[in-house]
Amino acid sequence: TPRVFSGIQPSGGLTLGNYLGAIKRFVDMQEQGIETIYCVVDMHAITVWQEPDALRRQTRELAAGYLAAGLDPSKSILFNQSQVPEHAQLGWVFNCVARMGWMNRMTQWKDKAGKNAEKASLGLFAYPSLMAADILLYHATHVPVGEDQKQHVELTRDIAAKFNNDYGVEFFPLSEPVIEGAATRVMSLRDGSKKMSKSDPSDMSRINMTDDADTIAKKIRKAKTDPEPLPETPDGLEDRPEARNLVRIYAALAETTPQAVLAEMGGKQFSEFKPALVDLAVDRLAPISEEMSRLMQDPAEIDSILGRGADRARQIATPILQRTYDIVGMIRG
Ligand code: ATP
Ligand code: MG
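Numbers given to residues run from 1 along each chain, matching the order in which its sequence is written. Just so you know, chain letters begin at A and ligand numbers begin at 1, following the order they were written in. Two thresholds apply to this predicted model, a pLDDT of at least 70 for residue-level local features and 80 or more for giving and counting side-chain atom pairs, whereas whole-chain, interface and lining totals are computed over all residues.

A. How the structure looks around the overall build of the protein. Of the regular secondary structure elements, the protein holds 13 helices and five strands. Both definitions apply: the radius of gyration is a C-alpha atom measure, and the globule rule equals 2.2 Å times residues to the power 0.38. The C-alpha atoms of the protein give a radius of gyration of 21 Å, which matches the 20 Å a tight globule of 333 residues would have. Principal-axis analysis of the C-alpha atoms places the extent of the protein at approximately 70 × 45 × 40 Å. Counting other C-beta atoms within 10 Å of each residue's C-beta, where C-beta atoms are placed from the backbone, gives the exposure class: buried for 20 or more, exposed for 12 or fewer, partly exposed between. Relative to its full complement of 333 residues, the protein shows a buried share of 42%. In this description, any two residues whose backbone-derived C-beta atoms lie within 7 Å of each other are considered to be in contact. Restricting the contact set of the protein to residue pairs at least 6 apart, pairs at least 24 apart contribute 77%. Only DSSP runs of H or I covering at least 4 residues are called helices, and only runs of E covering at least 2 are called strands; the numbering of each starts at the N terminus.

In C-alpha cells form, the structure reads like this:
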C-alpha cells in the first residue's frame with residue numbers, strides 16, 4: 001500500500017518555490033486519500049547555523065504554513081522531526097551503511113558547502129543519510145519533492161538497497177520521488193540559473209508566503225526578464241530562463257500548463273504579463289498568509305498539533321526501528 005512522506009526545513013520563511021514544488025503537492029496527495037506523513041525537519045535545519053529563537057519561530061511558522069495551505073491533521077500526520085528521536089537513531093545506522101563517496105557526489109553538498117568544505121558541519125555532509133532515515137523510518141513508498149531533491153531520494157534508494165543486501169533482508173522499500181506539476185524548480189527572481197531558496201541572502205530573489213501584496217508586486221515588477229515579448233509556445237522559452245520561470249509560476253498558480261498560459265499570453269510584453277502575474281499570485285497567496293498569521297497568534301495550539309502528530313508518527317516508527325536494530329544485531333532491553 002502506498003505511503004507518502006515528505007518534509008521541509010524550518011531554515012527560514014516559506015517561499016513560493018516551497019509552496020509550488022512541495023506543499024501544494026502535499027495537499028494534492030492528502031486529498032487523494034493516500035496515507036500521508038509530513039514533517040518539519042528541524043534537525044536538517046541546524047546543519048547550518050540557526051539562532052535558537054528563530055528556529056523555534058520558523059518551526060511554528062512552517063507548521064502554520066502547512067495548515068494554512070490545507071494540510072489537515074485529521075487526514076495527514078503533521079509533526080516535527082526532533083520530537084521523534086527514532087529519526088536520529090535510524091540516521092546513525094544509515095551513516096554506517098552509506099559511503100563517503102556517495103555523499104561527496106551530492107550537488108546540494110557541493111552548493112551549500114561551497115569551496116570551504118573544511119568549515120561545513122559534519123551534519124551538512126551527512127544530510128542525505130538522515131533524509132533517507134526520515135523516509136525509510138515509515139517505509140514510505142512515495143516522496144513528493146522539488147526537482148532539487150531528486151538526487152537525495154535516489155540516494156535513499158541506494159541506502160535501502162545496500163542495507164537489504166548487506167544484511168540479506170527484504171526490509172526497506174525503494175521509495176519513488178514524485179516530481180510533478182508546472183513548477184518543480186522555481187528559479188530565483190534575480191538570477192534565472194539559481195533555484196529560489198529560503199536561505200538565499202537576497203530577499204528580492206524570492207516571494208515569501210508571508211509577503212504582503214505590495215511586496216509581491218514590487219518583487220515581480222523588479223524580476224529579471226529579457227526585452228522580447230512572450231512566445232506563442234513553450235519551445236520559444238528554451239533559451240529564456242527568466243521568462244520560462246515566470247510562465248511556469250503563472251501556470252502552477254493557475255493550475256494549468258505553460259502551453260495554455262502562452263496560448264493566452266503569447267505576444268504580450270512583460271509590462272502586461274507581470275501585472276497579471278502579480279494579481280494571480282496575490283489572489284492565491286493572500287488567503288494562506290492571512291491564515292498563517294492567524295494561526296501564529298496561538299503558538300501553544302500549533303505545539304499541541306505537532307505533539308499529537310509526533311505520537312502518531314512514533315507508532316509507525318517504533319516497530320520499524322526495533323526491527324532494524326534486530327536485523328543489525330543490536331540488543332534491546
Ligand atoms: P534551503 O535554502 O534552506 O535549502 P529550500 O527553500 O531549498 O531551503 P528545503 O526545506 O530545502 O527548502 O526544501 C523543501 C521542499 O521544497 C523540497 O521538496 C524542495 O525540493 C522544495 N523546493 C525548494 N526550493 C524549491 C524551488 N525553488 N522550486 C521547487 N521546489 C522547491
Ligand atoms: Mg533546500
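There is more to say, and it comes next.
B. Examining helix α13 (residues 299-328) more closely. Between the first and last residue of a helix there are one fewer steps than residues, each counted as 1.5 Å, and that sum is the expected span. Between its terminal C-alpha atoms α13 stretches 40 Å, which fits the 44 Å expected from 30 residues at 1.5 Å a residue. Consider a residue and the seven residues that end there alongside the seven that start there; fitting an axis to each set, the bend is the angle between those axes. At R314, α13 shows its maximal kink, close to 30°. Every buried residue of α13 is listed here: I302, I305, L306, G309, A310, A313, A317, L321 and T324. Buried residues along α13 sit against β2 (35-40), α3 (52-69), β3 (76-80), α4 (86-95) and α12 (270-296). Looking one or two places after α13, you find G329, whose phi comes out positive at around 100°.

C. Molecular detail of the pairing of β2. Judged by how many residues are buried, β2 sits mostly within the fold: five of six residues are covered. Two strands qualify as a pair provided that DSSP identifies no fewer than 2 bridges between them. As judged from the six bridges shared by strand β1 (residues 3-8) and β2, these two strands associate in the parallel manner. If you follow R3 over to β2, its bridge partner there is E35. With helix α1 (residues 16-31) bridging β1 and its parallel neighbour β2, the resulting β-α-β unit is right-handed. Judged from the five bridges that link them, β2 and β3 form a sheet pairing that is parallel. Residue pairing across strands places C39 opposite F79, the latter belonging to β3. Orient the strands so they point away from the viewer, and a crossover whose first-strand-to-second-strand path over the helix runs clockwise is right-handed.

D. Highlighting α12. Between its terminal C-alpha atoms α12 stretches 36 Å, which fits the 39 Å expected from 27 residues at 1.5 Å a residue. At L285, α12 is bent by approximately 35°, the largest bend along its length, and proline P287 sits one to four residues beyond. Of the surrounding secondary structure, the elements contacted by the buried residues of α12 are α3, α9 (213-221), α10 (241-253), α11 (258-265) and α13.

E. Spatial organisation of the site of ligand 1. Ligand 1 sits among 21 residues. The nearest are G17, G21, G146, S197 and S199. Classifying every residue of the shell around ligand 1 gives five nonpolar, twelve polar and four charged. Near, for a residue, is defined by distance from a backbone-placed C-beta atom to a molecule or strand, with 6 Å as the limit that must not be exceeded. Here the term charged refers only to Asp, Glu, Lys and Arg, the term nonpolar to Ala, Val, Leu, Ile, Met, Phe, Trp, Tyr, Cys and Pro, and the term polar to all other amino acids, Gly among them.

F. Spotlight on the domain arrangement of the protein. Each domain's extent was defined by an automatic or database domain assignment. According to the domain assignment, the protein contains domain 1 (3-178 + 298-328) and domain 2 (203-294). Here domain 1 and domain 2 have C-alpha centroids that lie 29 Å from each other. Taken together, the contact between domain 1 and domain 2 spans twelve residues of the former and ten residues of the latter. Broken down by secondary-structure element, the contributors of at least two residues to the side of domain 1 that touches domain 2 are α1 and α3.

G. Focus on the nonpolar core. Think of a nonpolar core as buried Ala, Val, Leu, Ile, Met, Phe, Trp, Tyr and Cys residues chained together by C-beta atoms that fall within 7 Å. Residues A63 and I249 are the most contacted members of the largest nonpolar core, which totals 88 residues. Looking at this core, you find at least three residues from each of domain 1 (3-178 + 298-328) and domain 2 (203-294). Residue contacts for A63: discarding those within four places in its chain leaves V40, L78, I302, I305 and L306.

H. Structural view of the environment of F79. Note that F79 resides in strand β3. Since 25 C-beta atoms lie within 10 Å of it, F79 is described here as buried. Once the C-alpha coordinates of F79 and E35 are considered, the two residues, 44 residues apart in sequence, prove to be 14 Å apart. Beyond its immediate chain neighbours, meaning those up to four positions away, F79 contacts C39, V84, L306, G309, A310 and A313.

I. Looking closely at unusual backbone geometry. For H139, which is not glycine, the phi torsion reads 50° and is therefore positive. Summarising the element assignment, H139 is placed in the loop between α7 (122-136) and β4 (142-144). Its 17 C-beta neighbours within 10 Å are what place H139 among the partly exposed residues. Located in the positive-phi region is E255, a residue other than glycine, with phi close to 55°. The residue E255 is located in the loop between α10 and α11 in this model.

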